[in-house]
Amino acid sequence: MLTQLRRSAVMVIICLVLFGLAYPLLGVGLSQAFFKGQANGSITANGSNLIGQDWSQTKCPGHLPGSCVFQGRPDNLGPYSDTGKYKGDNPAGHPGDDPLVANGAAGESGATNLGPRSQELVTYTKHLNEYWHARGVNPTSDLVTTSGSGIDPDITPQDATAEIPMVARATGVSSAQLQSLITREAQGRQLGFLGSPFVNVLQLNEGLAKLEHP
């Protein structure tokens, strides 16, 4: 009996050391050695490439907020949400202002449940159109609708191209340079056939900063 208990205790200790300590440490060591960026959340100096960032409050002297950067899709904390700015009860206290609440705002994620026949959805979509038109942008459908996650870090090259007039006017970078930047940063479909070509907005804006301050 004692022999069996001793063997069981030894096996427990061995398993604890192997699978509770050695195996996790091996995983962490290998990930930090070969995939450090991905293991740490793809963090850059301006945030994570994996989560949409808040660009709407970016200061642009002489221009509307956020005009001097490319912006992502609206999120679920924007006009579509229960606490959206057009509801008038948002913490920032700007009802009716700045409808394109930026991606990446802390709190929640997920898309709106409003259906295509919802008058509320129609109203908010109109507000988003006004937001873009005020900045000289003829928005694509992506720029006036939320993504599935609500914090999508990517937009399509067509979405980015639609924002060129706004960014060019606010930064002074030529439209041709911005188009070249978009083309350079664009990535193809995943595995060659899944989804649509896309551009990571954070990487795009980091590339834009280099054009402005080479």
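Note that the coordinates shown come from a computational prediction; the quantities given were computed from them, not determined experimentally.

How each quantity is defined
- Residues numbered from 1 in each chain as written.
- Predicted model: local features only at pLDDT ≥ 70, side-chain atom pairs only at ≥ 80, totals over all residues.
- Heavy atoms only, no water.
- Core = buried A, V, L, I, M, F, W, Y, C linked by side-chain atoms within 4.5 Å.
- Buried < 20%, exposed > 50% of the residue type's maximum accessible area, 1.4 Å probe, protein only.
- Helix = DSSP H or I, 4+ residues; strand = E, 2+ residues; numbered from the N terminus.
- Contact = heavy atoms within 4.5 Å.
- Phe/Tyr/Trp six-rings, centres within 6.5 Å; stacked < 30°, edge-to-face > 60°.
- Salt bridge = Lys/Arg side-chain N within 4 Å of Asp/Glu carboxyl O.
- Polar contact = N/O pair within 3.5 Å; in protein donor to acceptor, adjacent residues only side chain to side chain.

## Describing the nonpolar core
Consideration 1: Grouped together as the largest cluster of nonpolar side chains are 25 residues, with contacts concentrated most on Phe70, Trp132, Leu178, Ile182, Leu204 and Leu208.
Consideration 2: At the level of secondary structure, the elements contributing two or more residues to this core comprise helix H3 (119–134), helix H4 (157–162), helix H5 (164–171), helix H6 (175–185) and helix H7 (201–212).
Consideration 3: If we skip the residues at most four places from it in the chain, Leu208 touches Cys68, Val69, Phe70, Val167, Val173, Leu178 and Leu181.

## Some thoughts on the packing of aromatic side chains
Consideration 1: One pass over the structure, following the stated rule, counts 1 aromatic pair.
Consideration 2: Each ring, one from Tyr131 and one from Trp132, has its centre 5.4 Å from the other, and the planes form 85 degrees; the classification is edge-to-face.
Consideration 3: Taking the relative accessible area as the measure of exposure, Tyr131 reaches 3% and is therefore buried.
Consideration 4: Trp132 sits in the buried class, given a relative accessible area of 0%.

## A short note on the pattern of salt bridges
Here the idea is simple: oppositely charged side chains can pair when their charged atoms come close.
Consideration 1: Going through the model one piece at a time under the given rule, you end up with 2 salt bridges.
Consideration 2: One salt bridge in this structure joins Arg73 and Asp142, with 3.9 Å as the shortest N-O distance. A residue pair is termed long-range when its members are at least 10 positions apart, and Arg73 in the loop between strand E2 (47–48) and H3 and Asp142 in the loop between H3 and strand E3 (154–155) qualify at 69 residues.
Consideration 3: By relative accessible area, Arg73 is classed as buried at 14%.
Consideration 4: For the salt bridge of Glu185 with Arg184, the shortest nitrogen-to-oxygen distance reads 3.7 Å.
Consideration 5: With relative accessibility at 19%, the residue Glu185 sits in the buried group.
Consideration 6: In this structure Arg184 comes out as exposed when scored by relative accessible area, which is 56%.

## Digging into the environment of Pro197
Consideration 1: Within the fold, Pro197 resides in the loop between H6 and strand E4 (199–200).
Consideration 2: In this structure Pro197 comes out as partly exposed when scored by relative accessible area, which is 32%.
Consideration 3: In this structure, the C-alpha to C-alpha distance between Pro197 and Thr156, residues 41 residues apart in sequence, is 6.1 Å.
Consideration 4: In contact with Pro197, other than residues within four places in its own chain, are Thr156, Pro157, Gln187, Gly188 and Arg189.

## Digging into the side chain of Ser67
Consideration 1: Its place among the elements puts Ser67 in the loop between E2 and H3.
Consideration 2: Given the relative accessible area of 4%, Ser67 is considered buried.
Consideration 3: Within the structure, the side chain of Ser67 is placed 2.7 Å from the backbone oxygen of Leu64, a separation counted as a polar contact.
Consideration 4: The contact partners of Ser67, leaving out residues within four places of it in the chain, are Cys60, Arg135, Met166, Val167 and Ala170.

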